[in-house]
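# A structural walkthrough
Given next are the chains, with one letter for each unit.
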Amino acid sequence: MDENTLLEKINETGYMLYQNREQEGIAAVAELLPVFQNMIKDQTESQMAEGGAFALMMLRELLEAYQSQDILGMADCLMEKSVLFVQFYFRQSEK
């Protein structure tokens with residue numbers, strides 16, 4: 001998935017959650033979790049050194065919110081931390 005498609009998916013999911021479209025939002029988060037896991041796994045050594053801790057914290061926070069069905073927690077994590085991670089990931093991949 002390319003950066004723009006992924007950012008669009010994150011935004012759509014976040015808005016679903018904020019608009020109380022819970023079931024759709026939760027399903028979309030379930031689709032995003034393995035994408036983030038693969039991105040973290042596929043990071044280069046320099047990406048891990050520069051942003052690995054943040055990436056793991058973001059994924060842990062999103063997973064905890066998902067497991068506890070914390071709708072606002074998922075939305076906030078997506079709109080803040082996940083967007084930053086995706087932007088970092090693709091900027092570092094271009095180097």
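Right, let's get into the overall build of the protein chain. Per the secondary structure count, the protein chain includes four helices and zero strands. For the protein chain, the N- to C-terminal ordering of α and β elements is α-α-α-α. Since a compact globule built from 95 residues should have a radius of gyration of about 12 Å, the 13 Å found for the protein chain is in line with a globular shape. For the protein chain, the spread of C-alpha atoms along the three principal axes comes to 40 × 25 × 20 Å. In the protein chain, buried positions account for 42% of the 95 residues. Of the contacts made within the protein chain by residues no fewer than 6 positions apart, 71% connect residues no fewer than 24 positions apart. Per element, the accessible surface of the protein chain, about 5,400 Å² overall, is 50% carbon and sulfur.

This part covers the environment of Met39. By the secondary structure assignment, Met39 is in helix H2 (residues 22-41). Residue class for Met39 comes out buried when judged on its relative accessible area of 8%. Separated by 50 residues in the primary sequence, Met39 and Tyr89 have C-alpha atoms spaced 7.8 Å apart. The contact partners of Met39, leaving out residues within four places of it in the chain, are Leu6, Phe85, Val86, Tyr89 and Phe90.

The rules we used
- Within every chain, residues take consecutive numbers counted from 1 along the sequence as written.
- Thresholds applied to this predicted model are a pLDDT of at least 70 for local features of residues and 80 or more for the giving and counting of side-chain atom pairs; totals over whole chains, interfaces and linings are not thresholded and use all residues.
- As a rule here, side-chain values cover all heavy atoms of the structure and leave hydrogens and water aside.
- Put simply, DSSP H or I for four residues or longer makes a helix, DSSP E for two residues or longer makes a strand, and each gets a number counted from the N terminus.
- As defined in this context, the radius of gyration uses C-alpha atoms, and a globule is described by 2.2 Å times the residue total to the power 0.38.
- Only protein chains enter the accessibility calculation, which uses a 1.4 Å probe. A residue is then buried if its area is under 20% of the maximum for its type, exposed if over 50%, and partly exposed in between.
- The contact criterion used throughout is that any non-hydrogen atoms of two residues lie within 4.5 Å.
- Per-residue and other accessible areas follow the Shrake-Rupley method at a 1.4 Å probe size, with only the shown protein chains counted as cover for residues.

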